[in-house]
Amino acid sequence: MSNIKTLEQKKQEALDRANRLQKQIEKKLNGQKFVLGGMLMAIAKNEPDRIPQILADIDKYVTRKADISRLEGFKSEIGNNVPKDSLSSSSEPNRPPIDDINF
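Rules used throughout
Throughout this description, residue numbers start from 1 for each chain and increase along the sequence as written. Owing to the predicted nature of the model, reporting of local features is limited to residues with pLDDT of at least 70; listing and counting of side-chain atom pairs is limited to 80 or more, with chain, interface and lining totals taken over all residues. Side-chain metrics rest on all non-hydrogen atoms present in the structure, leaving aside hydrogens and water. A run of DSSP states H or I qualifies as a helix once it reaches four residues; a run of E qualifies as a strand once it reaches two. Both are numbered from the N-terminal end. The buried label applies to any residue whose accessible area, calculated with a 1.4 Å probe on protein chains only, is under 20% of its type's maximum; exposed applies above 50%, and partly exposed to all values in between. Note on contacts: a residue pair qualifies if any of its non-hydrogen atoms lie within 4.5 Å across the two residues. Per-residue and other accessible areas follow the Shrake-Rupley method at a 1.4 Å probe size, with only the shown protein chains counted as cover for residues. Salt bridges are defined by distance alone: a side-chain nitrogen of Lys or Arg within 4 Å of a carboxyl oxygen of Asp or Glu. Here, nonpolar core refers to any group of buried Ala, Val, Leu, Ile, Met, Phe, Trp, Tyr and Cys residues whose side-chain atoms link them within 4.5 Å. Here an angle of 0 to 180 degrees is reported between the N-to-C directions of two axes, which are lines fitted to C-alpha atoms, with helices fitted over the stretch in contact. Here is the rule for angles: anything less than 35 degrees is roughly parallel, anything more than 145 is roughly antiparallel, 65 through 115 is roughly perpendicular, and the remaining ranges are oblique. If you view the pair so one helix is near and one far, a crossing is left-handed when the near helix is turned anticlockwise from the far one by less than a right angle, and right-handed when it is turned clockwise. Here, expected helix span is obtained from the residue count minus one, scaled by 1.5 Å. One axis fitted to the seven residues ending at a residue, another fitted to the seven starting there: the angle between these axes is the bend at that residue. How sure the predictor is of each residue is captured by pLDDT, a score from 0 to 100.

We now examine the overall build of the chain. Within the chain, the regular secondary structure consists of 4 helices and 0 strands. Expressed as a percentage of the 103 residues in the chain, the buried residues total 11%. In the chain, 59% of the contacts between residues at least 6 apart in sequence involve partners at least 24 apart. If you sum the accessible surface of the chain, you get close to 9300 Å²; carbon and sulfur atoms cover 55% of it.

Going through the model one piece at a time under the given rule, you end up with 4 salt bridges. Residues Glu47 and Arg50 are paired through a salt bridge, measuring 3.1 Å at the closest nitrogen-oxygen approach. By relative accessible area, which is 39% here, Arg50 ends up partly exposed. Three or more residues are tied together by salt bridges with common partners; here these are Arg64, Asp67 and Arg70.

With that out of the way, let us pick up the nonpolar core. Of all hydrophobic cores here, the largest spans 10 residues; its members are Ile43, Ala44, Ile51, Ile54, Leu55, Ile58, Val62, Phe74, Ile78 and Val82. At the level of secondary structure, the elements contributing two or more residues to this core comprise α1 (2–46), α2 (51–61) and α3 (65–79). Counting residues per element, this core draws most heavily on α2, which supplies 4 residues. Residues in contact with Ile54, not counting those within four places in the same chain, are Leu40, Ile43, Ala44 and Ile78.

Before going further, it helps to spend a moment on the packing of α2 against α3. Think of two packed helices as two axes; the pair is described by the angle between the axes and how far apart they sit. Running from amino to carboxyl end, α2 crosses α3 at an angle of 160°, the nearest separation of the two axes being 10 Å. When the axis of α2 is compared with that of α3, the two are roughly antiparallel. As α2 runs across α3, the sense of the crossing is left-handed. Between α2 and α3, the contacting residues are Ile51, Ile54, Leu55, Ile58 and Asp59 on the first element and Leu71, Phe74, Lys75, Ile78 and Gly79 on the second.

Over its 15 residues, α3 extends 20 Å from the first C-alpha to the last, a length consistent with the 21 Å expected when each residue adds 1.5 Å. Within α3, the axis deviates most sharply at Leu71, by approximately 40°.

What follows covers the confidence of the model for the chain. Here the chain shows a mean pLDDT of 86. Residues at 70 or above account for 82%. The least confident element of the chain, judged by mean pLDDT, is helix α4 (residues 84–87) at 66; the most confident is α2 at 96. Contacts of residues 89–103 to residues separated by more than four positions or lying in other chains number 5 contacts, the stretch itself having pLDDT below 50.

By the element assignment, Val82 lies in the loop between α3 and α4. For Val82, a relative accessible area of 10% puts it in the buried group. Taking the C-alpha atoms as reference points, Val82 and Ala44, 38 residues apart in sequence, are found 9.1 Å from one another.

The following block contains the structure:
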């Protein structure tokens, strides 16, 4: 009977360790996301010509409703800083203009 109890204790210790490791992984990933978000905000501030692409990337890759809501203020703020000459340019620079397409 004590052998089973020891095995159950070892099992619980292993589960506790796995949970601690999972929390460490999540903490590291969240830290990376935080740093990358700060970098992206600095790019938007210091390189306003890149704002249209940043906005396009947000629209493409941010899909959760909660995350979209979180970024509304940021999108509005950086959207006000788009250089005037960037407004007429396409957010898809590699796409040829319609006139260049042969039918």
